[in-house]
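Reading the structure
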Amino acid sequence: MEKGPFSVEWLAQSSRGGAQPAAHRTRSSPGGTGGRESPADLGDPGHEVEAGGAGPAVPGRPRTKFSAAQLQELERSFREQRYIGASEKRRLAAALNLSQSQIKTWFQNRRMKFKRQTQDAR
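Reading the values: rules and limits
- Residues numbered from 1 in each chain as written.
- Predicted model: local features only at pLDDT ≥ 70, side-chain atom pairs only at ≥ 80, totals over all residues.
- Heavy atoms only, no water.
- UniProt positions renumbered as here; feature names shortened; annotations may be inferred.
- Helix = DSSP H or I, 4+ residues; strand = E, 2+ residues; numbered from the N terminus.
- Buried < 20%, exposed > 50% of the residue type's maximum accessible area, 1.4 Å probe, protein only.
- Areas by Shrake-Rupley, 256 points an atom, 1.4 Å probe, with all protein chains shown as cover.
- Salt bridge = Lys/Arg side-chain N within 4 Å of Asp/Glu carboxyl O.
- Expected span 1.5 Å × (residues − 1).
- Arc of directions from axis to C-beta.
- Contact = heavy atoms within 4.5 Å.
- Phe/Tyr/Trp six-rings, centres within 6.5 Å; stacked < 30°, edge-to-face > 60°.
- Axes fitted to C-alpha atoms, helices over the stretch in contact; angles between N-to-C directions.
- Parallel < 35°, antiparallel > 145°, perpendicular 65-115°, else oblique.
- Left-handed = near helix turned anticlockwise from the far one by under 90°.
- Nonpolar A, V, L, I, M, F, W, Y, C, P; charged D, E, K, R; others polar.

An unreviewed UniProt entry lists the protein chain under the name VEX1 protein, with Phaetusa simplex given as the organism. UniProt annotates the protein chain under Subcellular location (unreviewed entry) with the comment "Nucleus".

So, in structure tokens, the structure goes:
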């Protein structure tokens, strides 16, 4: 069977990082990481890696350990509004030296924590 651009074999190979035809290759940064920066490369407090992890290893960015100051500002913002808008997300990301996706994920996780806490209180 031919390994065309939409065959199961081609998809499996491309998801493992196998060679892709030039027409289907995605752009990547000069470092060859595909746009991902490792926490070691960034060297800022918002990208510290938590030692040990309770869960299974997940490929991609390691778990972020937020500083006390970052958590304080995130919690303050969450108390004001549980759902964050685009402009507030950009402002927080810049102020806390985090990515917008980290801010978005923190808010999603915090809403789930809030939901569990309110359900447990009943």
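As a further point, take the overall build of the protein chain. From N to C terminus, the protein chain includes 5 helices and 2 strands. The N-to-C order of helical and strand elements in the protein chain reads α-α-β-β-α-α-α. Within the protein chain, the fraction of its 122 residues that count as buried is 20%. For the protein chain, the accessible area works out to roughly 9300 Å², and carbon and sulfur atoms hold 52% of it.

Applying the stated rule across the entire model yields 5 salt bridges. The residue Glu73 makes a salt bridge to Arg76 at a minimum N-O spacing of 2.6 Å. Residue Glu73 and its partner Arg76 are located together in helix H3 (residues 68-80), separated by 3 residues, close to a single helical turn. Since its relative accessible area comes to 27%, Arg76 is described here as partly exposed. A single salt-bridge network, built from bridges that share partners, covers Glu73, Arg76, Glu80, Glu88 and Arg91.

Turning to H3, a few remarks are in order. Between the first and last C-alpha of H3 there are 19 Å, a value that for 13 residues agrees with the 18 Å anticipated at 1.5 Å per step. Of all the residues in H3, the buried ones are Gln70, Leu74, Ser77 and Phe78. Taken end-on, H3 shows its buried residues confined to a sector of 100 degrees, consistent with a single buried face. Turned more than 90 degrees away from the buried face of H3, the exposed residues are Ala68, Ala69, Gln72, Arg79 and Glu80. If you follow the buried residues of H3, they end up packed against strand S2 (64-65), helix H4 (86-96) and helix H5 (100-121).

Tallied over the full model, the rule gives 4 aromatic pairs. With 6.3 Å between their ring centres and 85 degrees between their planes, Phe78 and Trp106 make a pair best called edge-to-face. Taken together, the residues Phe78 in helix H3 and Trp106 in helix H5 connect sequence positions 28 residues apart. Using a relative accessible area of 10% as the deciding quantity, one classes Trp106 as buried. On the basis of an interplanar angle of 75 degrees and a centroid distance of 5.3 Å, the ring pair of Trp106 and Phe107 is categorised as edge-to-face. Residue Trp106 shares its accessibility class with Phe107, and that shared class is buried.

Time to look at the packing of H3 against H4. When two helices pack together, their arrangement is captured by the angle between the axes and the distance separating the axes. The contact between H3 and H4 brings their axes to 11 Å, and the two run at 165 degrees. On the basis of their axis angle, the class for H3 and H4 is roughly antiparallel. Crossing of H3 over H4 shows right-handed handedness. Facing H3, whose interface residues are Gln70, Glu73, Leu74, Arg76 and Ser77, H4 presents Glu88, Arg91, Leu92 and Leu96. Split by residue class, the contact of H3 with H4 holds 3 nonpolar, 2 polar and 4 charged.

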